[in-house]
Structures are given as C-alpha cells and as structure tokens.
4 protein chains.
Amino acid sequence: MTTPKPAGTGRTRRQRAPDGAERTEKGAARRAAILDAALDEFAARGFASARLDDVARRAGVAKGTIYLYFKDKQALFEELVRTNLVPHIAAIEAMPAEGPLRARVEAFAEHFVREVLMTRRADVIRLVLAEGPRFPALAEFHYREVVQRALTALQRLIQIGVERGEIRHEALARFPQLVMAPIMMGLIWTGLFNRFAPLDVAAMMRAHLDMLFAPGREP
Amino acid sequence: MTTPKPAGTGRTRRQRAPDGAERTEKGAARRAAILDAALDEFAARGFASARLDDVARRAGVAKGTIYLYFKDKQALFEELVRTNLVPHIAAIEAMPAEGPLRARVEAFAEHFVREVLMTRRADVIRLVLAEGPRFPALAEFHYREVVQRALTALQRLIQIGVERGEIRHEALARFPQLVMAPIMMGLIWTGLFNRFAPLDVAAMMRAHLDMLFAPGREP
Amino acid sequence: MTTPKPAGTGRTRRQRAPDGAERTEKGAARRAAILDAALDEFAARGFASARLDDVARRAGVAKGTIYLYFKDKQALFEELVRTNLVPHIAAIEAMPAEGPLRARVEAFAEHFVREVLMTRRADVIRLVLAEGPRFPALAEFHYREVVQRALTALQRLIQIGVERGEIRHEALARFPQLVMAPIMMGLIWTGLFNRFAPLDVAAMMRAHLDMLFAPGREP
Amino acid sequence: MTTPKPAGTGRTRRQRAPDGAERTEKGAARRAAILDAALDEFAARGFASARLDDVARRAGVAKGTIYLYFKDKQALFEELVRTNLVPHIAAIEAMPAEGPLRARVEAFAEHFVREVLMTRRADVIRLVLAEGPRFPALAEFHYREVVQRALTALQRLIQIGVERGEIRHEALARFPQLVMAPIMMGLIWTGLFNRFAPLDVAAMMRAHLDMLFAPGREP
DNA sequence: TATGAATGAGTCTTCATTCAT
DNA sequence: CATGAATGAAGACTCATTCAT
C-alpha cells in the first residue's frame with residue numbers, strides 16, 4: 001500500500017505554542033516520553049486508576065515534571081488523544097484518488113489496520129471508547145477530527161463506487177459506518193477476547209469487502 | 001418479534017446460594033435495587049470513579065448495606081455484568097428454528113437491538129468493553145457466556161443459510177462477527193456520538209442484512 | 001463584674017442544620033474537639049501552614065473524620081472564627097444599662113479583657129487580623145458581627161456619657177475605636193512581645209479610661 | 001513635616017557584607033527589585049502562601065536568581081522586615097528636640113501616619129503582626145529595633161511633657177503604647193475593614209492627642 | 001439485618017530548592 | 001551572575017471498607 005505517511009510518527013508533534021518547558025529539543029523529547037508513558041498507563045489501567053507516579057517513573061522523570069508539560073492529569077489524557085490519531089486521518093484523506101474503487105477502499109482499510117489497529121494507537125481509540133462519556137469535549141474532538149473526517153472520506157469513495165456501479169449496495173453511502181464496523185469490532189475483539197479466540201482482523205476485513213463489492217445479480 | 005422472554009426481567013436473578021442477606025423477599029428486592037443503582041453509577045462514571053456512596057443513596061440503602069449483599073465493589077460490579085446479559089443469550093439460543101433464514105437472522109438482530117441496545121443492558125456491554133481489560137475474569141466470563149454463545153448460535157444459522165444457498169458469502173461462517181459488527185458499531189456510536197450525529201441503528205442493520213443476503217449473480 | 005455569660009462557653013454551639021455526622025451527642029462533641037484542635041493549630045502556625053493531620057491528631061480523630069464535619073480546611077477555619085466570638089458580643093450587648101458611665105465602660109472593657117484577651121478567643125481575633133485579607137468573607141463577617149456590634153454598643157455608651165457630661169471628649173463618639181485601641185494594642189503586644197516586655201493590659205486600660213473620663217478644667 | 005530622610009529611599013540599604021551577588025550597581029538594583037516584589041507578594045498572600053515564582057516574575061528575574069541574593073524564602077522575608085522600618089525609626093529618633101510638646105508628639109504621629117501607615121511600609125508591620133509568632137527572631141528584631149526604639153523616644157517626650165505639666169496623665173509615661181494604640185488600630189482597620197467603614201486615621205489621631213493633652217482641672 | 005460514623009491508605013498537586021547550562 | 005527545567009517532599013482530600021450500635 002502506498003500510504004503517504006506524514007513526516008514522523010506523530011506522537012510528539014506539537015504545533016501549539018509550547019506551554020512551559022519544551023522549547024528546547026530535550027523539552028520536546030521529554031514531553032513525548034511523558035505522553036508515551038501516559039498512553040501505556042492509561043491504556044493499562046484506565047484514566048481514573050492510572051497513577052501519575054507510574055507515568056513519571058515509566059517516562060523516567062520526576063512526578064513534578066509532568067506538571068511542567070501538562071496542566072493536570074486530564075490535560076495529559078486529552079492531549080494524548082488529540083495528538084495521536086489526527087495525523088493519520090490527514091494521511092487517509094490524502095490517499096491517491098485514482099485506481100479501481102475496491103483497491104482504494106482496501107487501501108483505506110489496510111492503512112487503518114496496519115497503522116492504527118496493530119499499533120499502540122489502537123489503545124488511543126480504546127481509551128476514547130472507554131472514557132469518552134466522562135470527557136465530552138474529548139468525545140466531540142474525536143468525532144469531529146477523526147470519526148467524521150474518516151467517514152466523510154469513506155463516503156466520498158463509496159459515492160463514486162455507487163456511481164460507477166462498482167458498489168451495488170447504495171445504502172452504504174448512507175451508512176459508511178458499515179465499512180468501518182468490522183474494524184471497530186476487530187479493535188474491541190483484539191483488546192478483549194484475543195486470548196480466547198484470536199481473530200484475524202485483516203482476513204475478516206477482506207471478507208467484508210468481498211461482500212461490499214459483491215457483483216449483483218445480472219439484470 | 002416473538003422473543004421468548006425468560007421469566008422475570010432478569011436483572012436480579014440469582015441462582016447461586018444467596019450470599020448473605022437475602023433469603024427474604026425484601027432481601028432480594030434490596031439486592032436488586034443495589035444492582036440497579038450500581039449499573040447507573042458504573043455506567044455514568046466508570047468502575048473506578050463510581051462511588052459506593054452514590055450507589056447506596058440511589059438504591060435507598062445505607063452504605064454498609066451494600067456489603068451485606070456483595071463482598072466488595074468489584075464483586076458488585078462483576079455480579080452486575082454476570083447477571084444482566086446471560087438470560088438474553090438463553091432467549092436467543094432458544095429462538096425458533098424454522099422459517100426463512102433472512103427472517104431468523106433478522107429476528108436475532110432485532111432481538112438484540114430491542115432488548116439490549118435500546119435498554120440499559122447496552123450499558124452493561126459498554127462497561128465490559130471499557131473495563132474488561134482490568135477484569136480478566138469478567139472478560140472471560142463475558143466471552144464464554146455471552147459472546148461465544150451468541151456467535152455460535154449465529155454461526156449455526158449462517159451455516160444453514162450457506163447450505164441452503166440463501167447466503168452466498170461463505171466467509172460469513174468463518175466470521176460470524178461480521179453480522180454483529182454493525183450492532184457493536186451502533187452500541188458505541190449511540191454511547192459516544194449520538195448527540196453530534198444520530199444513527200438509526202435498526203435501519204443500518206437492515207441495510208447490512210441486505211448485503212449479507214444479497215443474491216449473487218445468476219450463473 | 002456581672003457578665004451575663006451566655007449558656008455554655010460557646011465553642012460548640014451549632015444552630016445551623018448539622019451537616020453530616022453530628023446529630024448525636026457524640027457527634028457534637030467531636031465537632032467541638034476538632035474546632036478546638038484547629039484553633040490551636042491555626043493559631044500556632046497560621047492558616048496555610050497548619051496541617052489537618054495535626055489537627056486530627058490533636059483532636060484524637062482520623063484525618064478523614066474532619067471532612068465529615070467540615071467541607072474543607074477553609075470551612076473549618078471560617079467556622080472557627082464565626083462561632084467563637086459572636087456569643088460574647090451578645091453578652092456585651094446585653095450588659096446592664098444602669099449605673100455610672102465609667103463603671104459601665106469599665107465593665108465593657110473588663111469583660112473583653114477577661115473573656116477574650118486572656119482566653120484562647122484572643123487567638124481567634126489574632127487569626128482574623130492575620131488571615132483576614134485572604135478571607136474577605138470572613139473579614140466581612142467579623143466586621144458585621146463582632147466589630148460593628150461592639151463598637152455600636154460602645155458608641156451608645158459614649159453618647160450617654162457625653163450627654164451626661166461624664167465624658168468631655170466628644171470626639172470619642174465619632175471614634176469609638178479609640179476606646180478599644182489599647183485593647184487591640186494589648187492583644188497584639190501579648191501575642192508578639194510579651195516575652196521581651198510584659199504588658200499589664202488591664203492596668204494600661206485603666207490608665208486609658210482615666211484619660212477618657214478625665215474631668216475637664218473647671219469653668 | 002521635615003522628616004530627615006536617610007540617604008536613599010531606604011528599601012534596600014545593606015550595610016552588611018553583600019550576600020553574594022551585588023557588588024555591582026545592577027546587583028543592588030536587582031536585590032531591591034526582589035525585595036520590593038517580595039513585599040507585594042508576602043503582603044497579599046502571607047508568608048506561607050506567597051510563591052517565589054510570583055516574586056521572581058514580579059521582580060523581573062528568574063526564580064533561581066532569588067537564591068543568589070537570599071539564602072531562602074525565610075531569609076528574604078526577614079530581610080524585608082529588617083530593612084524597611086529601621087531607617088524611619090532613626091528618622092524619628094532624630095526629630096528636633098525643641099518646640100512645644102504637643103507639636104512634637106504630633107510630628108511624631110504624623111511622621112508615622114504619613115511615612116508608614118500610608119505607604120507600603122504599613123504592610124511590613126502587618127506582616128510582622130501576622131507572621132511574627134512563626135518568626136521569633138524577627139519578632140525580637142522588630143521589638144528591639146522598631147518598637148522599643150520608637151516607644152523609648154516617645155516615652156522621653158512624654159516624660160518631658162509630664163515634667164513641664166503639659167501632660168497631666170502621668171500614667172502615659174508608663175504606657176507609651178497608649179499613644180501609639182490608635183495608630184495601630186488604624187493600621188489594622190485600614191487593612192481589614194476600610195471597605196465597610198472607612199476610617200480617617202489622621203483625624204482619629206488628632207482626637208486622641210486632644211485627649212492626651214487635655215488640660216486638667218485647675219487646682 | 002441495617003445503619004452511617006469513622007478510618008486511613010492512596011493520589012493528585014504544589015512549590016521551595018537545586019543545578020546544569 | 002543568570003536562567004529556568006527538574007526534583008521530590010509535603011499536604012489536602014477522597015472513598016472503599018469496617019464496625020459499634
């Protein structure tokens with residue numbers, strides 16, 4: 001797949017005016033280390049039960065240092081969610097607009113599986129699912145900057161597919177979520193049940209796309 | 001739909017030896033009230049942040065009373081999850097085995113949507129998704145008693161459909177999760193994003209089934 | 001002096017709806033013990049440096065217990081100030097309205113010296129002086145319920161004295177603070193400098209009154 | 001009034017060996033800026049709650065810089081108190097020794113009101129009152145270098161007044177505090193209650209002096 | 001059984017102080 | 001001399017759990 005990866009893996013991009021420490025190279029690295037450690041801890045224990053003490057230890061800094069980079073626990077958590085996925089959405093939106101539809105949708109899905117599902121970014125999404133209800137602002141951000149943008153891109157693709165006759169199920173254009181559903185299912189499954197029944201999400205997704213692109217009955 | 005509801009509404013069935021209080025009628029009612037209140041609180045704030053104080057207040061009992069019925073917070077939480085969904089799985093397994101496949105799968109889905117998705121039981125599933133990683137025993141229980149049983153029932157149905165030629169996509173038999181995926185998507189969506197973009201899960205599910213049961217090209 | 005002491009020494013009167021623990025006898029005693037301990041700690045270290053841990057230890061309760069009776073450190077502090085002096089103001093206002101002026105003003109001053117200056121209540125005033133600027137609501141309360149009421153009572157007395165010709169300095173009616181000034185000076189002095197130069201506040205006050213009531217030049 | 005101001009504005013005079021930084025012109029200015037900022041912060045929040053961070057920001061230096069000029073927070077605080085009032089005591093002691101008593105005491109009081117009460121130096125005294133109990137060395141210094149010297153000067157004046165017959169109340173010589181009491185009252189009042197009931201301290205002081213110098217009954 | 005006051009371990013957060021640059 | 005990032009000790013506050021009544 002020719003995913004135009006954004007420069008850098010993204011975890012530590014900071015466009016906003018640096019809020020305290022971190023103008024320096026080392027500052028940025030520290031901020032990144034903290035976010036990184038925080039992701040691990042939040043993913044493992046949930047927002048409420050994660051201890052900043054552990055985040056600090058894991059990041060190799062003192063407890064107080066965290067507060068040089070983030071206002072408080074919640075700000076750290078939100079920053080985590082805000083910075084990890086957006087770059088990949090941009091990548092997805094920038095995917096090449098030519099070629100057969102099936103290939104493009106496949107590329108879309110594959111990008112998602114490879115670059116999100118199989119990385120620690122999956123944990124970010126799991127965190128949004130788990131903690132979203134307690135962080136409405138975060139849920140909204142995630143919706144607007146991730147979900148909506150991804151679904152809109154997908155919808156555009158589907159529309160073309162429907163027009164070209166490559167996709168028979170026109171309802172898909174109304175429910176682009178249906179394309180993503182198995183991926184979300186995979187996300188959840190791998191997080192919860194993989195040790196009981198491993199699930200080959202990529203294979204499942206391929207089967208799913210086979211259905212979506214199934215040729216209809218000849219007239 | 002002809003959902004064979006199990007006797008009772010299910011929330012507080014307890015087959016096991018009563019754990020302390022509740023031999024009496026009132027005891028059972030109290031236990032039920034506590035579980036009920038706990039579901040509300042856990043759903044609203046998550047396991048770690050829910051306060052037993054609030055559970056008690058909501059249930060109309062004293063804080064200490066909770067400990068007469070449940071060993072501790074975790075036991076209350078696990079009991080909640082263990083008792084709420086299983087009866088409905090039994091109902092699903094018991095669904096009539098005749099009629100056209102499409103109708104049967106539809107009934108399956110509709111039961112799920114109506115009896116789970118649109119009730120407070122959806123919160124139980126959301127809780128499992130959110131808290132499962134911290135409660136492996138619970139995740140396992142949920143897998144074995146809910147997920148696996150539901151998927152097995154579904155798989156049996158699909159197999160028949162494939163054999164009868166009503167379902168063309170044989171891969172569905174390997175990935176019965178594909179049938180459930182939109183429902184899970186709906187569960188998540190309604191919990192997180194409904195205020196931004198309401199999703200008609202039932203309609204989406206119908207569209208999804210249309211795809212699953214799409215007649216193939218004539219040979 | 002015939003100070004009509006209000007029933008009880010006042011420290012633990014609570015008229016307001018008891019806010020949590022304390023409906024019981026023991027509850028009230030505990031609340032009192034905490035307030036008592038808090039006065040000691042706040043007086044010794046100031047609001048910011050006093051540790052609730054020490055307050056709890058001194059009161060013989062656990063740290064958490066304080067929070068059953070008071071919302072937080074500040075509420076404890078404010079309650080302390082609000083409850084300790086007001087009863088004595090009432091006593092002062094209720095002082096008998098007959099007799100020679102000099103005797104009445106003397107009684108007023110003596111009451112203040114004996115019942116406030118020489119008791120731990122003096123610390124309450126010192127706390128108001130020291131912390132008032134950080135607790136405007138408290139300063140206002142103290143002004144309205146203590147200072148203003150005391151000065152108004154005093155002013156009434158002075159007015160009578162002026163009318164009867166027992167007090168020649170009419171300006172006193174405009175500046176009743178002048179009567180209290182030496183007492184405040186004594187309050188401060190005993191708190192800060194007594195170990196270097198003990199000050200007999202009562203004697204000083206008598207000298208002061210001698211000035212106030214000094215007979216004028218014969219015409 | 002002809003206050004013989006000591007050379008310089010006084011705030012940052014240091015006779016002692018410079019503690020580290022400041023041999024240079026700029027060093028002295030910085031030290032002064034820090035002391036100045038510290039007075040503002042300590043006055044506003046009290047010793048314990050004042051943040052050196054804020055002091056540094058207000059002084060326009062980095063936090064670490066404070067430690068080049070002062071050993072620690074407490075040393076900064078003590079220095080503040082030690083340097084701000086003493087020059088004015090010297091001025092008071094040096095006040096001209098001729099003229100009518102009343103005028104001289106009036107000058108004394110006026111100097112105090114104008115040069116202390118109505119300046120930021122009043123905050124220094126308020127700080128001593130509020131924090132003295134926690135800084136015994138400071139309280140002692142303040143007693144010896146400010147209070148005692150001022151009272152001694154006052155006492156000398158009073159003694160002369162008594163001898164000359166200008167002051168009838170001989171007790172004043174034993175309690176020179178009585179002269180200062182209204183000023184202290186004014187200091188406290190303006191700090192705490194001025195917004196509820198403004199107090200004209202100068203007028204009050206004049207009334208007070210009228211009493212002190214009231215001519216007695218003719219023999 | 002039921003209560004709810006009491007406990008105290010556990011965490012976030014602040015801020016004086018240090019120190020590498 | 002000056003900086004300001006980093007540290008970590010200290011303290012307010014919460015809340016699951018216990019237990020006397």
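A brief structural summary. (Residues numbered from 1 in each chain as written. Chains lettered and ligands numbered in written order. Predicted model: local features only at pLDDT ≥ 70, side-chain atom pairs only at ≥ 80, totals over all residues. Heavy atoms only, no water.)

### Brief notes about the interface of chain B and chain A
Facing the 53 residues of chain B at the interface are 53 residues of chain A. For the pair chain B and chain A, the two sides together bury roughly 4300 Å², of which 77% comes from carbon and sulfur. Counting across the interface, chain B meets chain A through four residue pairs in polar contact (both at pLDDT 80 or more). The set of elements that each furnish at least two residues to the side of chain B that touches chain A consists of α1 (25-49), α7 (121-131), α8 (136-164), α9 (171-174), α10 (177-192) and α11 (201-212) of chain B. In terms of residue count, α10 of chain B provides more of the side of chain B that touches chain A than any other element does, 10 residues in total. (Contact = heavy atoms within 4.5 Å. Buried area = accessible area lost by both parts, 1.4 Å probe. Polar contact = N/O pair within 3.5 Å; in protein donor to acceptor, adjacent residues only side chain to side chain. Helix = DSSP H or I, 4+ residues; strand = E, 2+ residues; numbered from the N terminus.)

### Focus on the relation of the copies chain C and chain D
Each of the two chain copies goes to the other by way of a rotation about an axis and a shift along it. Once chain C is rotated about the relating axis by 180 degrees and shifted along it by 0.0 Å, it coincides with chain D to within an RMSD of 0.1 Å. The two molecules are tied by a two-fold rotation axis, judged by turn and shift. The fraction of interface residues of chain C whose copies in chain D are also interface residues reaches 100%, indicating that both copies meet through the same surface. (Least-squares fit on C-alpha atoms with pLDDT ≥ 70 in both.)

### A few points about the pattern of salt bridges
For the structure on display, the rule yields 80 salt bridges over all chains. Between Asp40 of chain C and Arg58 of chain C there is a salt bridge whose closest N-O contact spans 3.2 Å. A residue pair is termed long-range when its members are at least 10 positions apart, and Asp40 of chain C in helix α1 (residues 25-49) and Arg58 of chain C in helix α2 (residues 52-59) qualify at 18 residues. Look at Asp40 of chain C and you get partly exposed, because its relative accessible area is 26%. With relative accessibility at 48%, the residue Arg58 of chain C sits in the partly exposed group. Ionic contacts of the salt-bridge type, sharing partners, join the residues Asp36, Asp40, Glu41, Arg58 and Arg120 of chain A into one network. (Salt bridge = Lys/Arg side-chain N within 4 Å of Asp/Glu carboxyl O. Buried < 20%, exposed > 50% of the residue type's maximum accessible area, 1.4 Å probe, protein only.)

### Some points on the nonpolar core
Nonpolar side chains tend toward joint burial in soluble globular proteins. Ranked by internal contacts, the top residues of the largest apolar core, which has 160 residues, are Leu76 of chain A together with Leu76 of chain B. Counting residues in each nonpolar core, the second largest holds 158 residues, with Leu85 and Leu212 of chain C together with Val128 and Trp189 of chain D among its members. (Core = buried A, V, L, I, M, F, W, Y, C linked by side-chain atoms within 4.5 Å.)

### Here's the deal with the side chain of Glu131 of chain B
All names here are of chain B. As for its placement among the helices and strands, Glu131 is situated in helix α7. Looking at Glu131, the relative accessible area reads 8%, which means it is buried. Among the polar contacts made by the side chain of Glu131, one reaches the main-chain amide nitrogen of Phe47 at a distance of 2.9 Å. Residues in contact with Glu131, not counting those within four places in the same chain, are Gly46, Phe47 and Phe77.

### Here we look at the interface of chain C and chain D
Chain C puts 53 residues into the contact, and the matching count from chain D is 53 residues. Of the roughly 4300 Å² buried at the junction of chain C and chain D (both faces included), carbon and sulfur atoms supply 77%. Linking chain C with chain D are zero salt bridges. In this structure, the connection of chain C to chain D is made through four residue pairs in polar contact (both at pLDDT 80 or more). Every element with two or more residues in the side of chain C that touches chain D is listed here: α1, α7 (121-131), α8 (136-164), α9 (171-174), α10 (177-192) and α11 (201-212) of chain C. No other element matches the 10 residues that α10 of chain C contributes to the side of chain C that touches chain D. Grouping the amino acids of the side of chain C that touches chain D by side-chain chemistry returns 35 nonpolar, eight polar and 10 charged. (Nonpolar A, V, L, I, M, F, W, Y, C, P; charged D, E, K, R; others polar.)

### A look at the relation of the copies chain B and chain A
The two copies are related by a screw motion: chain B maps onto chain A through a turn of 180 degrees and a shift of 0.0 Å along the axis, at an RMSD of 0.1 Å. When the interface residues of chain B are mapped onto chain A, 100% of them are again interface residues, pointing to one common binding face.

### Some words on the packing of helix α1 (residues 25-49) of chain A against helix α2 (residues 52-59) of chain A
Residues and elements named next belong to chain A. Here α1 crosses α2 at 135 degrees, and the two axes come no closer than 8 Å. By the angle between their directions, the pair α1 and α2 is classed as oblique. Between α1 and α2 lies a crossing whose hand is right-handed. Every residue of α2 that contacts α1 at Ala33, Ile34, Ala37, Ala38, Asp40, Glu41 and Arg45 is listed here: Asp54, Val55, Arg58 and Ala59. (Axes fitted to C-alpha atoms, helices over the stretch in contact; angles between N-to-C directions. Parallel < 35°, antiparallel > 145°, perpendicular 65-115°, else oblique. Left-handed = near helix turned anticlockwise from the far one by under 90°.)

### Quick notes on the environment of Ile183 of chain C
All names here are of chain C. With respect to the helices and strands, the residue Ile183 is situated in helix α10. Here Ile183 falls in the buried class, since its relative accessible area comes to 0%. Sequence-wise, Ile183 and His208 are 25 residues apart; in three dimensions their C-alpha atoms are separated by 9.8 Å. Not counting residues up to four positions away in its chain, the partners in contact with Ile183 are Ala109, Phe112, Val113, Leu117 and Met205.

### Describing the packing of aromatic side chains
Tallying each qualifying case throughout the model produces 36 aromatic pairs over all chains. A centroid spacing of 5.5 Å and a plane angle of 40 degrees characterise the contact between Tyr143 of chain C and Phe193 of chain D, whose relative ring orientation is tilted. Taken together, the residues span two chains, with Tyr143 of chain C in helix α8 and Phe193 of chain D in the loop between α10 (177-192) and α11 (201-212). Phe193 of chain D matches Tyr143 of chain C in its accessibility class, with the two residues each being buried. Taking 5.3 Å as the distance between ring centres and 80 degrees as the angle between the ring planes, the aromatic pair formed by Trp189 of chain D and Phe193 of chain D counts as edge-to-face. As far as burial versus exposure is concerned, Trp189 of chain D and Phe193 of chain D are alike and both buried. Pairwise contacts between aromatic rings join Phe42, Phe47, Phe77 and Phe135 of chain A into one cluster. If you follow Arg82 of chain C out to its NZ or CZ, it ends over the ring of Phe141 of chain C, 4.8 Å from the centre. (Phe/Tyr/Trp six-rings, centres within 6.5 Å; stacked < 30°, edge-to-face > 60°. Lys NZ or Arg CZ within 6 Å of the ring centre and 35° of its normal.)

By themselves, these observations are geometric and do not establish any function.
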